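Given next are the chains, with one letter for each unit.
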Amino acid sequence: MAAQQKLYEGKAKILYTTEDPDILLSYFKDDATAFNAQKRGSIAGKGEINCAISSHLFQVLEAAGVPTHFVDRLAPDQMRVKAVKIVPLEVVVRNIAAGSLCQQTGLQLGTILKQPLVEFFYKNDALGDPLLTPDRLSLLDLATTEQVAQMRSLALKINQILSAFFGQCGITLVDFKLEFGLDHQQRLLLADEISPDTCRLWDQAETDPQRRVMDKDRFRQDLGHVEAAYQRVLERVLGIGQFLTDD
Ligand code: TMP
Ligand code: ASP
């Protein structure tokens, strides 16, 4: 199935149409951005690594009953996905305080949250992806009340599955961002990607707050060894995957 027209180019991926109107091709780029694209760079091999990690995690989630847009991995950096209309929300789930939660609340980095926190951000680069209050969420009408409730409950279910999965890889899932889309039947599917670009992942074998970081914070904070960290996540994810399927 050859790629046809470029449909959309984002910061980390390009979407192409295919001969099948229900299927799109998602091409994962090595490009990396942070702070609403104020910081730009490239992480060698990231496209292939993130495509591999995402493909694997989407299959883990599908097997656990989470509907996703994943179809198959066509090439190392290319994934076939179901065509969906993306809901312009970034759904963040947090288990441990980090990033904007620390900056905006004063909670100390590493504070274990009493229960997972689900946050909805408006996916709008021009506005800097602001955090939405529940009232703003309903005011903007970006999704129905039922869809918001469904996203929240899927996000919490995904958190349980992925926290357990990464735990078996010796990795703590600190927080992550999800995007959902609606297919032609208006069914809500998990879309986009799940990778070290979109998750905070801490190596349980390391206690040093910089050495433990295995995700895009290495790029955001100039911690170095970005490629090596992404590669290590992939190896752990595939290692546990083989272990699970061989069982
Ligand atoms: P935050 O602490 O900066 O709000 O980020 C929360 C999680 O969301 C973290 O795992 C990184 C991820 N994330 C994205 O995937 N894309 C983004 O644009 C931002 C700001 C965060
Ligand atoms: N991906 C986002 C951006 O550039 C932000 C981030 O991941 O920190 O703009």
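This report concerns the structure included in the present document.

## Things to note about the overall build of the protein
Inference 1: A count of helical and extended segments in the protein gives 6 helices and 13 strands.
Inference 2: For a compact globule of 247 residues, the expected C-alpha radius of gyration is about 18 Å, and the protein comes in at 17 Å, within 12% of that figure.
Inference 3: Principal-axis analysis of the C-alpha atoms places the extent of the protein at approximately 50 × 45 × 40 Å.
Inference 4: A burial count over the protein gives 50% of its 247 residues as buried.

## Considering unusual backbone geometry
Inference 1: Phi is positive for Asn-36, close to 55 degrees, though the residue is something other than glycine.
Inference 2: Counting through the fold element by element, Asn-36 comes out in the loop between strand E4 (31–34) and strand E5 (39–42).
Inference 3: Judged by relative accessible area, which is 36%, Asn-36 ranks as partly exposed.
Inference 4: With a phi angle near 65 degrees, Gln-186 is a residue other than glycine that sits in the positive phi range.

## Remarks on the layout of surface pockets
Inference 1: Put simply, the second largest pocket is a space of about 250 Å³.
Inference 2: For the second largest pocket, the lining is made up of 16 residues, of which Thr-133, Pro-134, Leu-137, Ser-138 and Val-148 are closest to its centre.
Inference 3: Of all the secondary structure elements, the ones that give two or more residues to the lining of the second largest pocket are strand E10 (112–122), helix H3 (134–140) and helix H4 (145–168).
Inference 4: With 4 residues, H4 is the single largest residue contributor to the lining of the second largest pocket.
Inference 5: Split by residue class, the lining of the second largest pocket holds 9 nonpolar, 4 polar and 3 charged.

## Some remarks on helix H1 (residues 46–63)
Inference 1: The terminal C-alpha atoms of H1, which comprises 18 residues, lie 25 Å apart, in line with the 26 Å expected from a rise of 1.5 Å per residue.
Inference 2: Counting buried positions over the 18 residues of H1 gives 13, a clear majority of the element.
Inference 3: Looking at the residues trailing H1, positive phi occurs at Gly-65, about 95 degrees.

## Points about the pairing of strand E7 (residues 78–82)
Looking along a regular strand, one sees side chains alternate from face to face of the sheet.
Inference 1: Relative to E7, strand E3 (residues 23–28) runs antiparallel, the two being bridged by 5 bridges. Paired with Ser-26 across the bridge in E7 is Met-79.
Inference 2: Taken together, the 4 bridges between strand E6 (residues 70–75) and E7 define a ladder with antiparallel strand orientation. Counted as the bridge partner of Phe-70 is Val-81 from E7.
Inference 3: Taking the residues between adjacent antiparallel strands as the criterion, E6 and E7 are bridged by 2 residues.

## Structural notes on the site of ligand 2
Inference 1: Around ligand 2, the neighbouring residues are Lys-11, Thr-33, Ala-34, Phe-35, Asn-36, Ala-37, Lys-216 and Arg-220.
Inference 2: Within the backbone of Ala-34, an N or O atom sits 3.4 Å from an oxygen atom of ligand 2.
Inference 3: Measuring from an oxygen atom of ligand 2, one finds a backbone N or O atom of Ala-37 at 2.9 Å.
Inference 4: Calculation on ligand 2 without its partners gives an accessible area of 260 Å², and the protein chains cover 74% of this total.

## What about the site of ligand 1?
Inference 1: In the vicinity of ligand 1 lie 14 residues, with Arg-94, Ser-100, Asp-175, Lys-177 and Arg-200 positioned nearest.
Inference 2: Separating an oxygen atom of ligand 1 from a side-chain N or O atom of Arg-200 is a distance of 2.9 Å.
Inference 3: Those elements that provide at least two residues to the shell around ligand 1 are strand E9 (89–96), helix H2 (99–105), strand E11 (171–182) and strand E13 (199–203).

## Here's the deal with the sheet that holds E6
Paired through their backbone hydrogen bonds, the strands of a sheet run either parallel or antiparallel.
Inference 1: Spatial strand order, E1-E2-E3-E7-E6: 5 strands in an open sheet with antiparallel pairing. The sheet is open, and its two edges are formed by strand E1 (6–9) and E6, each paired on a single side. Neighbouring strand axes in the sheet, compared pairwise and without regard to direction, differ in orientation by 25 degrees on average.
Inference 2: As defined by bridge partners, strand E2 (residues 13–17) adjoins E3 across 5 bridges and the pair is classed as antiparallel. Residue pairing for E3: Tyr-16 is matched across the bridge by Leu-25.
Inference 3: Relative to the sheet, H1 contacts E3, E6 and E7, its axis offset from that of E6 by approximately 150 degrees.

Calculation rules
Every chain begins its residue count from 1, and numbering advances along the sequence as written. By the order in which they are written, chains take letters starting at A while ligands take numbers starting at 1. Note on the predicted model: pLDDT of at least 70 is required for a residue's local features to be given, and 80 or more for side-chain atom pairs to be given and counted; whole-chain, interface and lining totals, by contrast, use all residues. With hydrogens and water set aside, each side-chain value is computed from the structure's full complement of heavy atoms. Counting from the N terminus, the helices are the DSSP runs of H or I reaching at least four residues and the strands are the DSSP runs of E reaching at least two. Just to be clear, the radius of gyration here is over C-alpha atoms, and the globule rule we use is 2.2 Å times residues to the power 0.38. Each residue's exposure class comes from its accessible area (1.4 Å probe, protein chains only) as a fraction of the maximum for that residue type: buried when under 20%, exposed when over 50%, partly exposed otherwise. Every definition here rests on a 1 Å grid over the protein atoms only: cavities are sets of points where a 1.4 Å probe fits but cannot get out, pockets are open sets enclosed by protein on both sides within 12 Å along at least five of seven lines, and lining residues have some atom within 4 Å of a point. Grid points are joined across faces, edges and corners, and a volume is the space filled by probe spheres set on the points. Amino acids outside the nonpolar list (Ala, Val, Leu, Ile, Met, Phe, Trp, Tyr, Cys, Pro) and the charged list (Asp, Glu, Lys, Arg) are all regarded as polar, and Gly is one of them. Expected span of a helix: the number of residues minus one, times 1.5 Å. By this definition, two strands are paired if DSSP reports at least two bridges between them. Proximity criterion: a residue is near a molecule or strand once any of its heavy atoms comes within 4 Å of it. N or O atoms closer than or at 3.5 Å make up a polar contact, with two conditions inside protein: a donor-capable atom paired with an acceptor-capable one, and, for residues adjacent in sequence, both atoms drawn from side chains. Only the protein chains shown count as cover for residues, and all accessible areas are computed by the Shrake-Rupley method using a 1.4 Å probe. Geometry is summarised by axes, namely lines fitted to C-alpha atoms with helices restricted to the contacting stretch, and by angles between N-to-C directions that run from 0 to 180 degrees. When checking whether two residues touch, look at their non-hydrogen atoms; a contact exists if any pair is within 4.5 Å.

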